[in-house]
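This is what each chain is made of:
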Amino acid sequence: MNRPPPAPPPSVDAALILLVDDEEAVVRALARELRASGLAVETCTDPLEARQRVASGKYALIVTDNRMPALSGVALLEHAAATVPDVGRIMLTGYAELETVLSAVNQGAVQRFVLKPWNPGELLGHIRECLERSHLRKQNRELLRQLEEKNAALADANLELSRQASRDALTGLHNRREFDAQLERQIHLFGRDRQPFCLALGDIDDFKGVNDTQGHPLGDAVLKTVARALVSTLRDGVDSVFRYGGEEFAILMRSTTAEGARHALERVIQA
């Protein structure tokens, strides 16, 4: 089924800007200029309200004064940077104290610092640049999220392929390939650390007769039943059971002496 092509990304001009200043005349004048340039704008004269509105994540850029009652512009932009990292952040202020500038820039809260009275063309250029950067950050974050999802799905698929490659499809036991690998590792551990282990091999008596007289579906059921009995009798996470081939099975018992293996195999045969 063919999927429709993805929708084009929204233009930078369609991104929403929040203007924050405790002086109503300032935000009105600035909003009028930006809207005349085709930009989408909302205004706010209460920095505490602005902090709540920023958390919605709908704004691409915040342009704020610094000296405001209850909450400074630096504090507002720090909050924005912490809660909505992709949002652009411009400080527009009539006070250019060096300490304020350094605090804002060093803490990463402010991306552009513009003095009042502003130059309309210069300010518009800063705003469009910050909007473009915000848009690119959002795109990069979304691409990274999609890449992480695909990598996780790929890892799951590889894990499932690995599991299938090491398992017998009928009984769910480890297969002959996995038997060879685990036995080799166990022999290596024995040679290095003298960790004892025991290996048992066995088959189902007269199994061919079951297939010949009762049919292969019943024979498959016998194999599954024996496999479940073996797994349920042995130690989970310690011992390994394999379908060695046909009606033959192998059991690898780790940290087990010969005497311990005999007792375990008596329980296996009884099961």
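Our subject is the structure listed above.
Caption draft 1: Quick peek at a negative patch on the surface. Together, Asp203, Asp205, Asp206 and Glu248 give the surface a local cluster of negative charge. Examined against the element boundaries, Glu248 turns out to sit in strand E8 (residues 248–254). You can call Glu248 partly exposed: its relative accessible area is 37%.

Caption draft 2: Broad picture of the sheet that holds strand E1 (residues 16–20). One open sheet holds the 5 strands; their spatial order is E2-E1-E3-E4-E5, and the pairing between them is parallel. The strands lining the two open edges of the sheet, one partner per strand, are strand E2 (40–44) and strand E5 (112–115). If you compare each strand with its neighbour and ignore which way they point, the axes differ by 20° on average. Note: E1 against strand E3 (residues 61–64), 4 bridges, orientation parallel. If you follow Val20 over to E3, its bridge partner there is Thr64. Together, E1, E2, E3 and strand E4 (88–93) form the strand contacts of helix H1 (residues 24–36), whose direction differs from that of E2 by roughly 175°.

Caption draft 3: View of the side chain of His174. Relative to the elements of secondary structure, His174 occurs in the loop between helix H5 (120–166) and helix H6 (176–193). A relative accessible area of 14% means that His174 is categorised as buried. Sequence-distant contacts of His174, defined by excluding residues within four places in its chain, comprise Ser166, Arg167, Asp168, Gln182, Ser240, Val241, Phe242 and Arg243.

Caption draft 4: A look at the environment of Gly209. Counting through the fold element by element, Gly209 comes out in helix H7 (residues 207–214). Given a relative accessible area of 35%, Gly209 falls into the partly exposed group. In the structure, Gly209 is positioned 10 residues away from Gly219 in sequence and 9.2 Å away in space, judged by C-alpha atoms.

Caption draft 5: Inspection of the packing of aromatic side chains at higher detail. With the rule as written, the count across this model stands at 3 aromatic pairs. Plain terms: the ring middles of Phe179 and Phe242 are 5.2 Å apart, the flat faces sit at 80° to each other, and that makes the pair edge-to-face. In this pair, Phe179 sits in helix H6 while Phe242 sits in strand E7 (residues 240–245), placing the two residues 63 residues apart along the sequence. With respect to burial, Phe179 and Phe242 carry one shared label: buried. Taking 5.1 Å as the distance between ring centres and 90° as the angle between the ring planes, the aromatic pair formed by Phe179 and Tyr244 counts as edge-to-face. One end of the pair, Phe179, is in helix H6; the other, Tyr244, is in strand E7, and 65 residues separate them in sequence. Each member of the aromatic cluster is reached from another via a ring pair, and the members are Phe179, Phe242 and Tyr244.

Caption draft 6: Representation of the sheet that holds E7 in the model. Read from one edge of the open sheet, 3 strands run E6-E8-E7, paired in antiparallel fashion. Each of the sheet's edge strands pairs with one partner strand only, and the pair in question is strand E6 (197–203) and E7. Between one strand axis and the next, the sheet turns through 20° on average, direction left out of account. By the bridge criterion, 5 bridges tie E7 to E8 in an arrangement that is antiparallel. Among the inter-strand pairings, Val241 is bridged to a residue of E8, identified as Ile251. Seen against the sheet, H6 touches E6, E7 and E8 and runs at an angle of roughly 130° to E7. Packed onto the sheet, helix H8 (residues 216–233) meets E7 and E8 and runs at close to 10° relative to E8.

Scoring rules and cut-offs
Residues numbered from 1 in each chain as written. Predicted model: local features only at pLDDT ≥ 70, side-chain atom pairs only at ≥ 80, totals over all residues. Heavy atoms only, no water. Patch = residues over 30% accessible without salt bridge, like charges linked within 9 Å, V, L, I, M, F, W, Y side chains within 5 Å. Areas by Shrake-Rupley, 256 points an atom, 1.4 Å probe, with all protein chains shown as cover. Salt bridge = Lys/Arg side-chain N within 4 Å of Asp/Glu carboxyl O. Lys, Arg positive; Asp, Glu negative; His and termini not counted. Charge placed at Lys NZ, Arg CZ, Asp CG, Glu CD. Helix = DSSP H or I, 4+ residues; strand = E, 2+ residues; numbered from the N terminus. Buried < 20%, exposed > 50% of the residue type's maximum accessible area, 1.4 Å probe, protein only. Pairing = 2+ DSSP bridges. Axes fitted to C-alpha atoms, helices over the stretch in contact; angles between N-to-C directions. Contact = heavy atoms within 4.5 Å. Phe/Tyr/Trp six-rings, centres within 6.5 Å; stacked < 30°, edge-to-face > 60°.

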